[in-house]
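Take a look at the letters that make up each chain.
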Amino acid sequence: MAHSSWGQGWPNCNRSNIVTVVRNDGLRLPVHRELAPLVTLLIDLTEALGYDVRPDWTWGYACRPIAGTNVPSNHSWGTAVDINAPVNPRRRPLTTNIPKRVRDLWKGMGFRWGGDYTTSVPDPMHFEFMGTVADARANYDRLRRFVGAPAAPAPGQPAPAAGERGRIQELQRLLRVTADGIIGPVTEAAMRRNMIGWRRDLAGNRNPNLVMWLQRQGRRKGYALRVDGVVGPEVNHLIVVVLGQRDGICGPNGYRAACR
């Protein structure tokens, strides 16, 4: 579990602590605002070391417990990231393509690597920060001085909008449109381009971060389902029954219903 300095985790997650790390390659990675500078720099260095971080295979914040338990996941604080999940699956025997030099980089900056688990199934996609907020700031300052990166923004930056507007802003960031919290023509067009549902050819199905956003809205509405970024029977039920889209497709109307 994360240190108390990170705030609350599952089931009382504080979404206002979460910001999205954005990269030009399309990565949209939600993490705790105090960890974002360190994660941003580590992702850059990971790629500089020759390991490609796939935007569609890399995940962060999710308000959930550890799979199969009632123990809060570090993802629920925004202090864990999963990198290139499909090729670094949680299973025995250990299966990973993350080079040792990359693992050592993250571990040297205070992260525990899931591939080192000995009392549970190895989870090599998973890196979780084990220190305090102060440790994260100190590690970032130490690393950025070494590589010549800029200083992190001062603490206390404005939190995302609360309630429905905040949920719309989060969705807009995933849709890669201006995050103004208002569903206008541009946002609606992006919703149409990124529909989610049972049809395999829907573009939104190929964006796990977008699917996870939809799954989190379903959990917020009281529907107990996994937040795994996979479109399956549970997601179809969510769209049809919870969001009221009888065709099984989450387009503009479905997204609006999810935001409310």
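Everything quoted here is computed from the prediction, not taken from an experiment. (Residues numbered from 1 in each chain as written. Predicted model: local features only at pLDDT ≥ 70, side-chain atom pairs only at ≥ 80, totals over all residues. Heavy atoms only, no water.)

A. Broad picture of empty space enclosed by the protein. In total, this model carries 2 cavities of 30 Å³ or more according to the counting rule given. Counted as a void, the largest cavity has a volume near 80 Å³. Elements with a contribution of two residues or more to the lining of the largest cavity: strand S2 (28-32), helix H4 (163-175) and helix H6 (208-220). The element that contributes the greatest number of residues to the lining of the largest cavity is H6, accounting for 3 residues. In the lining of the largest cavity, the residues fall into 5 nonpolar, 3 polar and 4 charged. Here the second largest cavity is characterised by a volume of approximately 40 Å³. Lining of the second largest cavity is provided by Trp6, Gln8, Asn14, Asn17, Ile18, His32, Tyr61, Ser76 and Trp77. (1 Å grid on protein atoms, 1.4 Å probe; cavity = no way out; pocket = protein on both sides within 12 Å on 5 of 7 lines; lining within 4 Å. Points joined across faces, edges and corners; volume = space filled by probe spheres on them. Helix = DSSP H or I, 4+ residues; strand = E, 2+ residues; numbered from the N terminus. Nonpolar A, V, L, I, M, F, W, Y, C, P; charged D, E, K, R; others polar.)

B. Quick peek at H6. The end-to-end C-alpha distance of H6, which contains 13 residues, comes to 18 Å, matching closely the 18 Å that a straight helix rising 1.5 Å per residue would cover. Of all 13 residues in H6, 11 are buried; the element is thus mostly enclosed. Residues of H6 that are buried: Pro208, Asn209, Leu210, Val211, Met212, Trp213, Leu214, Gln215, Arg216, Gln217 and Gly218. Packed against the buried residues of H6 are S2, H4, strand S6 (196-197), helix H7 (233-242), strand S7 (249-250) and helix H8 (252-259). Where H6 starts, the residue carrying a side-chain oxygen 3.1 Å from the main-chain nitrogen of Asn209 turns out to be Asn207. Gly222 sits one or two positions beyond H6 and adopts a positive phi of about 100 degrees. (Expected span 1.5 Å × (residues − 1). Buried < 20%, exposed > 50% of the residue type's maximum accessible area, 1.4 Å probe, protein only. Contact = heavy atoms within 4.5 Å. Polar contact = N/O pair within 3.5 Å; in protein donor to acceptor, adjacent residues only side chain to side chain.)

C. Focus on the pattern of salt bridges. Tallying each qualifying case throughout the model produces 15 salt bridges. A salt bridge links Arg23 to Glu47, with the nearest nitrogen and oxygen atoms 2.7 Å apart. Remark: Glu47 occurs in helix H1 (residues 36-48) and Arg23 occurs in the loop between strand S1 (18-22) and S2; sequence separation between them is 24 residues. What makes Arg23 buried here is its relative accessible area of 15%. Note on Glu47: relative accessible area 25%, which makes it partly exposed. (Salt bridge = Lys/Arg side-chain N within 4 Å of Asp/Glu carboxyl O.)

D. Main features of the pairing of S2. Burial of S2 is extensive: 5 of the 5 residues sit out of reach of the surface. Relative to S2, S1 runs antiparallel, the two sharing 5 bridges. Each bridged residue has a counterpart across the sheet, and for Val21 the counterpart in S2 is Leu29. Counted along the chain from S1 to the antiparallel partner S2, the turn is 5 residues long, and its residue Gly26 has a positive phi close to 105 degrees. (Pairing = 2+ DSSP bridges.)

E. Structural context of the packing of aromatic side chains. Inspection of the entire model under this criterion finds 5 aromatic pairs. For the ring pair Phe111 and Phe129, a centre distance of 5.2 Å and an interplane angle of 70 degrees mean the geometry is edge-to-face. Placement of the pair is Phe111 in strand S4 (residues 111-113) and Phe129 in strand S5 (residues 126-129), with a sequence separation of 18 residues. Side by side, Phe111 and Phe129 carry an identical accessibility label, which is buried. Looking at Arg54, its charged tip hangs above the ring of Trp57, at a distance of 3.8 Å from the centre. (Phe/Tyr/Trp six-rings, centres within 6.5 Å; stacked < 30°, edge-to-face > 60°. Lys NZ or Arg CZ within 6 Å of the ring centre and 35° of its normal.)

F. Main features of the state of the cysteines. Under the criterion given, the structure shown has 1 disulfide. The disulfide partner of Cys13 is Cys63, and the gap between their sulfur atoms is 2.0 Å. Measuring handedness by torsion sign, the sulfur bridge of Cys13 and Cys63 sits at about 90 degrees and is right-handed. Remark: Cys63 occurs in the loop between H1 and strand S3 (80-82) and Cys13 occurs in the segment before S1; sequence separation between them is 50 residues. Cys250 forms no disulfide, and the closest cysteine sulfur to it belongs to Cys259, at a distance of 8.8 Å. Using a relative accessible area of 0% as the deciding quantity, one classes Cys250 as buried. Under the relative-accessibility criterion, Cys259 is labelled buried at 0%. (Disulfide = S-S within 2.5 Å.)

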